[in-house]
Amino acid sequence: MSTALNDLSRLPIVQAPMAGGASCPELVGAVCEAGALGFLAGGYKTAGGLYQEIKQTRALTARPFGVNLFMPAAGQPADRAAVEVYRHQLAGEATWYETALGDPDHGRDDAYDAKLAILLDDPVPVVSFTFGCPDRDALDAFARAGTYTIVTVTSVEEARTAERAGAAALCVQGIEAGGHQGTHRDDPADAPGTGSGRGRGLLTLLTEVRESVRLPIVATGGIMRGRQIAAVLAAGADAAQLGTAFLVCPESGAHPLHKRALTDPLFTHTELTRAFSGRPARGLVNRFMREHGPYAPAAYPEVHHLTAPLRKAAATAGDPQGMALWAGQGHRLARELPAGRLVELLAAELAAVQTSSFTTASSTASSTTSTSASTRSTS
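Conventions and cut-offs
Residues numbered from 1 in each chain as written. Predicted model: local features only at pLDDT ≥ 70, side-chain atom pairs only at ≥ 80, totals over all residues. Heavy atoms only, no water. Phe/Tyr/Trp six-rings, centres within 6.5 Å; stacked < 30°, edge-to-face > 60°. Helix = DSSP H or I, 4+ residues; strand = E, 2+ residues; numbered from the N terminus. Buried < 20%, exposed > 50% of the residue type's maximum accessible area, 1.4 Å probe, protein only. Lys NZ or Arg CZ within 6 Å of the ring centre and 35° of its normal. Pairing = 2+ DSSP bridges. Axes fitted to C-alpha atoms, helices over the stretch in contact; angles between N-to-C directions. Parallel < 35°, antiparallel > 145°, perpendicular 65-115°, else oblique. Left-handed = near helix turned anticlockwise from the far one by under 90°. Contact = heavy atoms within 4.5 Å. Nonpolar A, V, L, I, M, F, W, Y, C, P; charged D, E, K, R; others polar.

**Quick look at the packing of aromatic side chains**
- Evaluation of the coordinates by the stated rule reveals six aromatic pairs.
- Aromatic pair Phe-276 and Phe-288: ring centres 4.8 Å apart, planes at 20°, arrangement stacked. With Phe-276 in the loop between strand S10 (270–273) and strand S11 (281–284) and Phe-288 in helix H13 (residues 287–292), the pair connects residues that are twelve residues apart, well separated along the chain. You'll find Phe-276 and Phe-288 in the same group, each marked buried.
- Counting every residue linked through ring pairs, the aromatic cluster contains Tyr-44, Phe-70, Phe-131 and Tyr-300.
- Directly above the aromatic system of Tyr-300 lies the positively charged group of Arg-279, at a separation of 5.9 Å from the ring centroid.

**Comments concerning the sheet that holds S10**
- On the basis of which strands lie adjacent, the open sheet formed by three strands has the order S7-S11-S10 and antiparallel pairing. Of all the strands in the sheet, the pair left with one neighbour each is strand S7 (179–180) and S10.
- Direction of pairing for S7 relative to S11: antiparallel, over a ladder of two bridges. If you follow His-180 over to S11, its bridge partner there is Ala-281.

**Remarks on the packing of helix H3 (residues 47–60) against helix H6 (residues 112–121)**
- At a minimum axis separation of 9 Å, H3 and H6 run at an interaxial angle of 30°. Regarding the angle of H3 to H6, the classification is roughly parallel. H6 is crossed by H3, and the crossing has right-handed handedness. Contacts between H3 and H6 involve Ala-47, Leu-50, Tyr-51 and Ile-54 from the first element and Ala-114, Lys-115, Ile-118 and Leu-119 from the second.
- Taken together, the residues of the contact of H3 with H6 sort by class into seven nonpolar, no polar and one charged.

If you want it as structure tokens, here you go:
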């Protein structure tokens, strides 16, 4: 790992920030204490709520941890007509769960400026960004405050933009990742679930980015085992970020129904969908996704606000078929272990691969040396 990134944690393992409650202080504290880098998710929280979680995390660990922020929705608001059509399509869901639909105009900036002010006034060791890249002024301000910045990217173009803006590192996200794709621009032409998306698999994207920029890289997307961590490190990453792997930990704040669904045979696979938020996000395919995914508009965060009461009501009713069950492609490999124990196991698996590779390389080198010596002797 690069020196600056390596200083943040003993292991090249990062716990992904998972908005919606999973990345709570208890999970982050346990991960950090085990030697990895934990992340709070600032998305969907009020600025005051985020501040309280930072305080709680500091009470649980003295080790470095990070906070992730959602960049404000860029561009013009979504097509009002498309959002209204989707509202009508969801009327049956509102009746079924006996709840009103949310207000799509609840807000587009996720209290970004207020959260930025908190993090600059009382800095944390790391801040990462999703759905875009801050301007140079903001990144320079964090650098002056001693905060290490990471920008999530899903393409070489986004990686170069982040490097030019002054990011300290990149989080390279492959299409295998659970939850939202961190694209800087949501192209309505990309239709999740139809094969028309432009997302790249992690190893291909990682190699392309590694050969295009000079920044340290955290790789993420479908990683569930130490062997996969070893693979992305060998491909040029400086650390690996795992989200779904930590969802089932007892410290995770994910809903119990969500945790159980990850390994439930009823949920056979994942897909990208706009059904719940209006942005492409990978989750377990359930009834809601099948029925509404094909018609959901590219309208974030309007659709997120619209469906929020439905998702909450479904969870209250104990119905995972109406919940957003975010999960990466490796969800079947989830292991229900305490977070600290999971970090230890991942580290042991990584070490076993690295030791095996070193032994193999040493044996090959020794054999080559012996062969060369024998050849010279014969000559």
